[in-house]
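Remarks on the overall topology
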Amino acid sequence: MSAQTTLSSGSPITGTEIRFHNTMSGVTEPFVPRALGEVRSYTCGPTVYDFAHIGNFRTFVFQDVLRRYLKSRGFRVIQVMNLTDVDDRIIQKSAAAGISIREYTDKYIQAFLDDRAALNLEPPEHLARATEHIDDMVKLIQRLTEKGYTYTSEGSTYYRIANFPSYGKLSKIDVAGMQAGARVDNDRYDKDNARDFALWKAPKPGEHFWETAIGPGRPGWHIECAAMALKYLGDTLDIHSGGVDLTFPHHENEIAEAEAATGKPFARYWLHAEFLLVDHEKMSKSMGNFATLRELFAHGHKPSSIRFLLASVPYRRQLNFTPDSLQGAAGSVERLRNFVARVRTEKFPEGSSAAMVQRAAKAKEEFDAGLADDLNTAQALAAIFDLVREANIAMDRGEFRQGDAVPVLEAMQMFDAIFAVLHDDDAEKLAALGVSPTSPTLSDAEVEAFVAERQAARKRRDFAASDRLRDRLAERGIILEDSRDGSVRWKRR
């Protein structure tokens with residue numbers, strides 16, 4: 001199905017109708033934002049008590065693909081991501097370390113930002129630290145109190161979910177059997193355990209707290225996201241996304257807070273990414289299969305390989321993360337990079353092939369259609385790899401023309417605007433993180449100089465020197481590929 005709308009600037013958005021699976025309705029629906037040409041999106045970010053792990057980044061990569069795709073379709077995206085820099089674990093760990101909450105969390109926030117950059121995640125328009133929005137949370141709690149949704153006990157303020165009749169509509173939890181007056185102080189609690197939850201927590205002895213109009217204390221986890229989303233995106237946002245584990249209680253509680261305060265729907269579309277599994281088991285420290293990005297980088301895995309793997313499986317399917325799957329992702333990235341290099345550098349006969357031009361157009365159409373279908377990245381990737389295979393065959397047969405390069409490269413650029421893996425800068429990114437390869441990495445200019453020297457040796461038929469230069473490059477992780485037309489392509493191992 002084709003759809004077209006018009007941006008406020010007058011430029012059209014054309015392509016397959018975008019459809020997302022909405023957790024709230026349980027069905028896949030056409031995507032229609034509130035404002036023409038604009039998408040307001042809230043993204044649940046990390047709780048910065050430690051380094052983020054690859055399970056977290058499965059969700060963050062999905063959210064980046066979502067953001068990039070909406071932008072590619074002409075939408076202006078306003079994305080807010082929170083940084084939870086105060087919760088039970090952070091307070092405990094900072095106290096044990098004998099340092100302030102700010103000092104403790106700064107390290108992990110910077111690591112998170114560096115990890116995001118390594119995976120080519122675009123920065124959101126607003127990166128909101130919870131501790132910088134305490135006043136906004138207090139004001140939201142006061143609004144809820146004025147409307148009769150709260151009560152206090154021993155200096156803490158709780159949300160009375162019995163006063164919000166639609167509680168449970170997102171997670172479909174049954175609250176009928178909830179014990180009256182039961183409440184919970186922990187930010188995270190058992191699945192399907194519906195209880196009144198803390199909006200504001202009275203301080204314990206020796207614990208960090210804020211002096212506010214509602215008394216001393218600190219915010220509960222759930223009020224943080226609700227307050228920041230309302231502040232930056234208004235009463236009703238277009239998309240709220242996160243991991244499937246956040247559906248209850250976190251997102252359910254956000255809805256209860258925001259909608260009780262405003263009387264309006266909190267979010268039009270709820271998108272949740274499924275779990276990442278490690279060898280078919282849920283990742284956990286107790287299972288010994290827990291890994292951070294830094295650990296994977298230290299074991300020689302490239303940022304581009306990890307991003308490709310995390311993006312390659314549609315977000316609503318569980319992703320099984322294994323050494324074999326990572327190796328396969330690395331091979332896929334290399335194949336795509338080599339293909340683009342071949343199209344750019346190889347000399348082809350003049351003219352163009354109508355069949356190849358049409359094939360590139362078909363790939364672009366199918367790529368967009370896959371992403372429009374609830375971000376079906378597997379279908380989108382299939383369209384690109386089909387084009388790569390057929391174009392390689394045409395080149396091998398001498399049927400590819402110089403004029404075919406432009407439409408084919410346009411299709412690859414369309415792909416990379418979403419997947420962001422074609423630029424070979426893994427070595428630079430690892431170096432920026434302090435992860436050093438076993439031998440110094442050659443720059444592109446240094447590689448080109450070696451290649452030129454080898455080409456000169458081949459022209460004067462000094463094949464011994466040519467072979468030595470090839471071997472020297474191989475020792476530094478550079479693989480050469482000699483083309484039939486005499487040109488040379490190279491890639492990093």
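Structure's up top.
Now for a quick tour of the structure.

Analysis parameters
- Residues numbered from 1 in each chain as written.
- Predicted model: local features only at pLDDT ≥ 70, side-chain atom pairs only at ≥ 80, totals over all residues.
- Heavy atoms only, no water.
- Pairing = 2+ DSSP bridges.
- Helix = DSSP H or I, 4+ residues; strand = E, 2+ residues; numbered from the N terminus.
- Phe/Tyr/Trp six-rings, centres within 6.5 Å; stacked < 30°, edge-to-face > 60°.
- Buried < 20%, exposed > 50% of the residue type's maximum accessible area, 1.4 Å probe, protein only.
- Lys NZ or Arg CZ within 6 Å of the ring centre and 35° of its normal.
- Core = buried A, V, L, I, M, F, W, Y, C linked by side-chain atoms within 4.5 Å.
- Contact = heavy atoms within 4.5 Å.

Below, the discussion takes up the pairing of strand S18 (residues 478-482). Sheet topology places S18 next to strand S19 (residues 488-492); five bridges connect them, and they run antiparallel. Within S19, the residue paired with Asp 482 across the bridge is Val 488. In sequence, S18 turns back onto S19 through a hairpin of five residues, with Gly 486 there showing a positive phi of about 95°.

Here the focus is the packing of aromatic side chains. Under the counting rule described, the total for this entry stands at 19 aromatic pairs. Here Phe 20 and Phe 31 contribute two aromatic rings whose centre-to-centre distance is 5.2 Å and whose plane-to-plane angle is 55°, an arrangement assigned as tilted. A residue pair is termed long-range when its members are at least 10 positions apart, and Phe 20 in strand S3 (residues 19-22) and Phe 31 in the loop between strand S4 (27-30) and strand S5 (38-43) qualify at 11 residues. Of the two residues, Phe 20 and Phe 31, neither departs from the other in class, the shared state being buried. Both rings, one in Phe 415 and one in Phe 419, keep their centres 5.0 Å apart while their planes meet at 15°; by these two values the pair is stacked. Linking Phe 415 with Phe 419, this pair stays in helix H12 (residues 405-419), spanning four residues, or about one helical turn. The rings of Phe 308, Phe 367, Phe 385, Phe 415 and Phe 419 are connected pair by pair, giving a single aromatic cluster. Sitting over the ring of Tyr 158, Arg 183 keeps its end group 4.9 Å from the ring centre. Between Lys 231 and the ring centre of Tyr 232, over which it is positioned, the NZ or CZ distance is 5.8 Å.

One open sheet holds the three strands; their spatial order is S16-S15-S17, and the pairing between them is mixed. The open sheet has two edge strands with one neighbour each: strand S16 (281-282) and strand S17 (319-321). With three bridges connecting them, strand S15 (residues 276-278) and S17 associate as parallel partners. Residue Leu 277 lies in a different strand from S17, and its bridge partner there is Asn 320.

For the rest of this paragraph, the subject is the nonpolar core. With 134 residues, the main nonpolar core has Leu 70, Tyr 159 and Phe 415 as its most contacted residues. The element that contributes the greatest number of residues to this core is helix H11 (residues 377-396), accounting for 10 residues. Beyond its immediate stretch of four places on either side in the chain, Leu 70 contacts Ile 18, Phe 20, Phe 31, Val 39, Phe 75, Val 77 and Ile 239. Listed in part, the nine residues of the second largest apolar core include Val 447, Leu 480, Val 488 and Trp 490.

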